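Per-entry structural report
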Amino acid sequence: MYKLILALCLFSFGLEAQEQVIKDFIREHRRGEENVAVKVPGWLIGLAGNIATISTDDPHERAVFSLMGDVGTVRVVTYLNDDFTEPQSSIVNLLYSLERYKKFERWAEVRTQEGERVTLTVRYEEKRIRDLVVIVNDHDRTTLVSARADLSAEDLGELVANLEQL
C-alpha cells in the first residue's frame, strides 16, 4: 500500500514538474508592455467547441470544433523578441528541457518563405498525444502555445488536413 502511495506521489510530481518548465518560460516572457499571457481552462474550450459545432453547417469546421473536446487547458504567451537579450536561446533551452527530460518529441519544424519558424513538439504516451507545444517565431515576435490533449496521431492529422482546407 505504501509503495502505491509513493508511486502516485512521484507520478504526480513528475506531471507538475513537466508543466513547471512551461510555466516558468511563460512567467519570464510575459514581462513587457506588449507581451501577453493567457490561460484558457479545458472546460471552457470544450464548451466553446460544443457551441461552435452546433452553430456551423460546414463539415470541415464541425470536425475541427468536435476535436476541441479532446484539448485541455491551453496556455499562450506572445512577446516581442526585442524585450529579451537572447530570445532564441530561451526557446532552445525550453525545447531541450522538454525533449531531454520530459519525454517530448519534436514532430515538425518548418520555416516559411516569410522567415517564420514553426516548431511542433508533443508528448506522446500510450498511443495518445498528451501535450502539444507549438512555437511560432518571426522577426519581431514569438508565440508559444501549450495545450494538454488526448488525441491520437490520426486525430491530429485529420485536424491539420481540415485546417488546410478552410
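Residues numbered from 1 in each chain as written. Predicted model: local features only at pLDDT ≥ 70, side-chain atom pairs only at ≥ 80, totals over all residues. Heavy atoms only, no water.

**Topic: the overall build of the protein**
As a reminder, the rule being used: Secondary structure elements are defined from DSSP: runs of H or I of at least 4 residues count as helices, runs of E of at least 2 residues count as strands, and each element is numbered from the N terminus. Whether a residue is buried, partly exposed or exposed follows from its accessible area with a 1.4 Å probe, protein chains only, as a fraction of its type maximum: under 20%, in between, or over 50%, in that order. Contacts: residue pairs with any heavy atoms within 4.5 Å of one another. Methods summary: accessible areas were calculated by the Shrake-Rupley approach with a probe of 1.4 Å, and residue burial reflects only the protein chains presented.
A count of helices and strands for the protein gives five helices and six strands. Listing every helix and strand of the protein by position from the N terminus yields α-β-α-α-β-α-β-β-β-β-α. Evaluated residue by residue, the protein yields a buried proportion of 34% over its 166 residues. The contacts of the protein with a sequence gap of at least 6 include a subset with a gap of at least 24, amounting to 58%. Summed over all atoms, the accessible surface of the protein reaches about 10,500 Å², with 57% contributed by carbon and sulfur.

**Some points on the pattern of salt bridges**
Quick note on the threshold: Counted as salt bridges are all cases of a side-chain nitrogen of Lys or Arg within 4 Å of a carboxyl oxygen of Asp or Glu.
The tally for this structure, following the rule as stated, stands at twelve salt bridges. A salt bridge links Glu 109 to Arg 106; the shortest N-O distance between them is 3.1 Å. As a salt-bridge pair, Arg 123 and Asp 131 come within 2.7 Å of each other at their nearest N and O atoms. For the residue pair Arg 123 and Asp 131, the accessibility class agrees, reading buried in each case.

**What to know about the sheet that holds strand β4 (residues 117–125)**
For the record, the criterion: At least two bridges found by DSSP between two strands are what make those strands a pair. To define axes, lines are fitted to C-alpha atoms, for helices over the stretch in contact only, and angles between the resulting N-to-C directions are given on a 0 to 180 degree scale.
In space, the six strands of this open sheet follow the order β1-β2-β6-β5-β4-β3, with antiparallel pairing throughout. Looking at which strands have only one partner, the edges of the open sheet turn out to be β1 (36–40) and β3 (104–111). Looking at each pair of strands side by side, their axes are set apart by 10° on average, direction ignored. Two elements, β3 and β4, share seven bridges in a ladder whose sense is antiparallel. Each bridged residue has a counterpart across the sheet, and for Ala 108 the counterpart in β4 is Leu 120.

**Focus on the nonpolar core**
To be explicit about the condition: What is meant by a nonpolar core is a set of buried Ala, Val, Leu, Ile, Met, Phe, Trp, Tyr and Cys residues, joined one to another through side-chain atoms within 4.5 Å.
Within the largest apolar cluster, 14 residues are counted, with the highest numbers of intra-cluster contacts made by Ile 22, Phe 25, Leu 94, Val 133, Ile 135 and Leu 144. When residues of this core are traced back to their parent elements, those giving at least two are α1 (2–29), β2 (71–80), α4 (87–101) and β5 (128–137). Considering every element that reaches this core, the biggest residue donor is α4, with four residues. If we skip the residues at most four places from it in the chain, Ile 135 touches Ile 91, Leu 94, Leu 95, Arg 117, Val 118, Thr 119, Thr 142, Thr 143 and Leu 144. In terms of nonpolar packing, the next biggest core, distinct from the first, is built from seven residues, Val 122, Leu 132, Ala 149 and Leu 151 among them.

**Digging into helix α2 (residues 42–55)**
Inclusion rule: The span expected for a helix works out to 1.5 Å for each residue beyond the first. Here the arc refers to the set of directions running from the helix axis out to each C-beta atom.
Along its 14 residues, α2 runs 20 Å from first to last C-alpha, staying within 8% of the 20 Å computed at 1.5 Å per residue. Taken together, the buried positions of α2 are occupied by Gly 42, Ile 45, Gly 46, Gly 49, Ala 52 and Thr 53. Burial along α2 is one-sided: seen end-on, the buried residues are contained in an arc of 130°. Turned more than 90 degrees away from the buried face of α2, the exposed residues are Trp 43, Ile 51, Ile 54 and Ser 55.

**Here's the deal with a nonpolar patch on the surface**
Basically, it comes down to this: To count toward a patch, a residue needs a relative accessible area above 30% and no salt bridge. Like charges then connect within 9 Å, nonpolar side chains (Val, Leu, Ile, Met, Phe, Trp, Tyr) within 5 Å.
Taken together, the side chains of Trp 43, Leu 44, Leu 47 and Ile 51 present a nonpolar region at the surface, about 430 Å² in accessible area. Position of Leu 47 among the secondary structure elements: in helix α2.

**Thoughts on a negative patch on the surface**
Let me state the cut-off plainly: Neither His nor the chain ends is counted toward charge; the positive residues are Lys and Arg and the negative residues Asp and Glu. The location of each charge is read from NZ of Lys, CZ of Arg, CG of Asp or CD of Glu.
Negative charge collects at one region of the surface, where Glu 33, Asp 82, Asp 83 and Asp 140 lie side by side. Relative to the assigned elements, Asp 82 resides in the loop between β2 and α4. Given a relative accessible area of 72%, Asp 82 falls into the exposed group.

**Some points on unusual backbone geometry**
At Lys 103, a residue that is not glycine, the phi angle is positive and equals roughly 65°. Mapped onto the elements of the fold, Lys 103 is located in the loop between α4 and β3. The backbone of Lys 127 sits at a positive phi, close to 60°, despite the residue not being glycine. Position of Lys 127 among the secondary structure elements: in the loop between β4 and β5.

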